[in-house]
Amino acid sequence: MSEIFVPTGLVPTGLVPTGPYPPTDSYPPTESYISFRNVVREYRNGDISVRAADGITFDLAQGLFSVIVGPSGAGKTTVLNILGGMDCVTQGEITVDGRDITRLNKRRRCAYRRDDVGFVFQFYNLIQNLTALENVELASYICANALDAKEVLRDVGLANRMNNFPTQLSGGEQQRVAIARALAKNPKMLLCDEPTGALDYETGKGILKLLQDTCREKGVTVVVITHNSAITPMADRVVKIKSGKVESVKDNPQPLPVSEIEW
């Protein structure tokens, strides 16, 4: 058997299941945690039909940092919304930790979003009349195994900003609150939709470092979608999407630290 690659500090077991994969530079034999199989999402408006996802197939391993990259309109947000349980497939199958989420009914899909998934959006989506601490504490009201809100805010570097309202925080600080709110749910995976899109260069790099550190230190499966291909060297796996299809799947044997990435 040829030599296999296992990222430093992570020892996933088993092999990626065989199947009709798209072109790939390499495919590490890590266990598949997230699996898309021929996923189609079709939207109809009268006689007009648009396939935002057109036969998407890829795998992502648990505890790794993955990036889904593509131009505007490529279908990457659709993929993230389906993975997060906010949208449904037209056809195909998605399994997460061995469970087929495409077969969940409305109630179970809601429980999946609540218990398994943390969301980070481009524009923060904080509640303006709540403090940073109160925004993060929302997780404790809906999740059974939520983490301590104050501790999570300390972890993201906001120990001295807990009692500030969103309008009293910078863009980077607001995004850190949003990340803390997602992490406070104690999710199995963190889904990030253009998390640096509304931030300046240096602040954006700080947020990417926080996400990368969260993945490495806490073992959270992190999936970031972006149009910015310059950040792909920091990922363990890169899925490139174009026109609703997977164009390539590539692995970085030695992902770069954020400090070495420029755009």
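As shown above, the structure is provided for reference.
Criteria and cut-off values
Residues numbered from 1 in each chain as written. Predicted model: local features only at pLDDT ≥ 70, side-chain atom pairs only at ≥ 80, totals over all residues. Heavy atoms only, no water. Buried < 20%, exposed > 50% of the residue type's maximum accessible area, 1.4 Å probe, protein only. Helix = DSSP H or I, 4+ residues; strand = E, 2+ residues; numbered from the N terminus. Arc of directions from axis to C-beta. Contact = heavy atoms within 4.5 Å. Polar contact = N/O pair within 3.5 Å; in protein donor to acceptor, adjacent residues only side chain to side chain. Salt bridge = Lys/Arg side-chain N within 4 Å of Asp/Glu carboxyl O. Patch = residues over 30% accessible without salt bridge, like charges linked within 9 Å, V, L, I, M, F, W, Y side chains within 5 Å. Areas by Shrake-Rupley, 256 points an atom, 1.4 Å probe, with all protein chains shown as cover. Phe/Tyr/Trp six-rings, centres within 6.5 Å; stacked < 30°, edge-to-face > 60°. Pairing = 2+ DSSP bridges. Axes fitted to C-alpha atoms, helices over the stretch in contact; angles between N-to-C directions. Core = buried A, V, L, I, M, F, W, Y, C linked by side-chain atoms within 4.5 Å.

What follows concerns helix H2 (residues 106-116). Those residues of H2 lying buried are Arg109, Tyr112 and Asp116. Down the axis of H2, the smallest arc covering the buried residues is 65°, so these residues share one side. The exposed set on the far side of H2, more than 90 degrees from its buried face, consists of Lys106 and Arg107. Next to the buried residues of H2 lie helix H1 (76-83), strand S4 (91-96), strand S5 (99-100), strand S6 (117-120) and strand S7 (189-193).

Another aspect to go through is the side chain of arginine 237. By secondary structure assignment, the location of arginine 237 is in strand S9 (residues 237-242). A polar atom in the side chain of arginine 237 sits 2.6 Å from the side chain of aspartate 251.

On to the pattern of salt bridges, then. Applying the stated criterion across every chain yields a total of 16 salt bridges. A salt bridge links arginine 51 to aspartate 54, with the nearest nitrogen and oxygen atoms 3.0 Å apart. A relative accessible area of 39% means that arginine 51 is categorised as partly exposed. Where salt bridges share partners, they join Glu42, Arg51, Asp54 and Lys245 into one cluster.

Among the surface-exposed residues, Tyr43, Ile48 and Val50 lie close enough to one another that they form a single nonpolar patch of about 280 Å² accessible area. Position of valine 50 among the secondary structure elements: in strand S2 (residues 48-61).

A few words now on the packing of aromatic side chains. Inspection of every chain in the model, using the stated rule, returns three aromatic pairs. Ring geometry for phenylalanine 36 against phenylalanine 58: centres 4.6 Å apart, planes inclined by 15°, an arrangement best described as stacked. You can see phenylalanine 36 sitting in strand S1 (residues 32-45) and its partner phenylalanine 58 sitting in strand S2, a full 22 residues away along the chain. The burial state of phenylalanine 36 is the same as that of phenylalanine 58; both residues are buried. Taking the centre distance of 5.0 Å and the plane angle of 70° together, the rings of tyrosine 201 and tryptophan 263 count as edge-to-face. Note that tyrosine 201 is positioned in helix H6 (residues 201-218) and tryptophan 263 in the segment after strand S10 (245-251), a separation of 62 residues in sequence.

Below, the discussion takes up the sheet that holds strand S3 (residues 65-69). The six strands lie next to each other as S6-S7-S8-S3-S9-S10, forming an open sheet whose pairing is mixed. Every other strand in the sheet has two partners, leaving S6 and S10 as the edge strands with one partner each. Ignoring which end each strand starts from, the neighbouring axes of this sheet average 15° apart. The strands that H2 touches are S6 and S7; relative to S6, the one it contacts most, it runs at about 75°. Against the sheet, H6 engages S3, S7 and strand S8 (221-226), with an angle of about 135° to S3.

With 41 residues, the main nonpolar core has Phe65, Leu153, Leu190, Leu211, Val222 and Val224 as its most contacted residues. Going through the elements one at a time, S3, helix H3 (132-142), helix H4 (149-155), helix H5 (171-184), S7, H6 and S8 are the ones with two or more residues in this core. Looking at this core element by element, the count peaks at seven residues for H5. Non-local contacts of phenylalanine 65, meaning those with residues more than four positions away in its chain, are made with Leu211, Gln212, Cys215, Arg216, Val222, Val224, Met234, Ala235, Asp236 and Arg237.

So, on to the sheet that holds S1. Strand order across the open sheet formed by four strands is S2-S1-S4-S5, with antiparallel pairing between neighbours. On the outer flanks of this sheet lie S2 and S5, each paired with one strand and no other. Bridging between S1 and S4 involves five bridges; their strand directions are antiparallel. Looking at S4, one finds that arginine 37 is bridged to glutamate 93. The strands touched by H1 are S1, S2 and S4; relative to S1, the strand with the most contacts, the crossing angle is about 115°.

This next bit is on the environment of proline 195. Mapped onto the elements, proline 195 comes out in the loop between S7 and H6. For the pair proline 195 and leucine 208, spaced 13 residues apart in sequence, the C-alpha separation works out to 8.1 Å. Contacts of proline 195, omitting those with residues within four sequence positions, involve Val120, Gln175, Ile207, Leu211, Val224 and Ile225.

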